[in-house]
Amino acid sequence: MSRNNNVVGRRGFDRKWLFILLVLLIVVALIMYAVQVITAPNWSFKVVTDKAVYKLGENITITAVLKNNGYITHSFKAYYEDPIEVTIGKGTFPFGVWYSSNQKNIHDVSIPPGQTIERTVVWNQTDRDGKLVEPGIYTIRAEILDGEKWLPIFEAEISITITE
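Residues numbered from 1 in each chain as written. Predicted model: local features only at pLDDT ≥ 70, side-chain atom pairs only at ≥ 80, totals over all residues. Heavy atoms only, no water.

Q: Please clarify how the nonpolar core should be interpreted in this entry.
A: Among soluble globular proteins, nonpolar side chains are generally buried collectively. Of all hydrophobic cores here, the largest spans 27 residues; its most connected members are F45, I62, F76, W123, Y138 and I160. Mapped onto this core, the elements with two or more residues apiece are strand 1 (43-49), strand 3 (60-68), strand 4 (74-80), strand 5 (84-90), strand 7 (104-111), strand 8 (116-123), strand 9 (136-145) and strand 10 (152-163). Among residues more than four places away in sequence, those in contact with W123 are E58, N59, I60, I62, I88, V97, W98, V133, Y138, I160 and I162. (Core = buried A, V, L, I, M, F, W, Y, C linked by side-chain atoms within 4.5 Å. Buried < 20%, exposed > 50% of the residue type's maximum accessible area, 1.4 Å probe, protein only. Helix = DSSP H or I, 4+ residues; strand = E, 2+ residues; numbered from the N terminus. Contact = heavy atoms within 4.5 Å.)

Q: In this structure, what is going on with unusual backbone geometry? I would like to understand it.
A: Both trends apply: most residues other than glycine have a negative phi, and most peptide bonds are in trans. The phi torsion at Q125 lies on the positive side, around 65°, for a residue other than glycine. Phi at W150 takes a positive value of approximately 60°, unusual for a residue other than glycine. Relative to the helices and strands, W150 is located in the loop between strand 9 and strand 10. The class for W150 is partly exposed, based on a relative accessible area of 48%.

Structure (structure tokens):
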């Protein structure tokens, strides 16, 4: 009988260690998940105008905003002095009609949690040559280019209508 008690006691001992090991694994997994959530970048990038429909010749105020929704400061390398570039195109093609002025200056941009960078430009509905555009649908595109690859890191688009 003492032999059976020893086996039963040993199984209880093994189960306790197995339970402790399982709890430790769960705790480690939860800590790893929490670290990943805390350190992961969480951005929002949008472009907006003051309204959706404009009369020909009316100024259009365009604002693009990048927000760090994460829990820590995040950084990236930007291509332009003002990281946000705005382009306007006719129809669904967001290039060719107008560009916001900007200078190449590859630099690091750091944004603390909950903070934003934004750029507001006013477009007077003229093209790059200074001529008034025609009525129609225009696509406004805001983007931030990577300082090393010259490819968009962030991009957002909206459409507006210009009427006569």
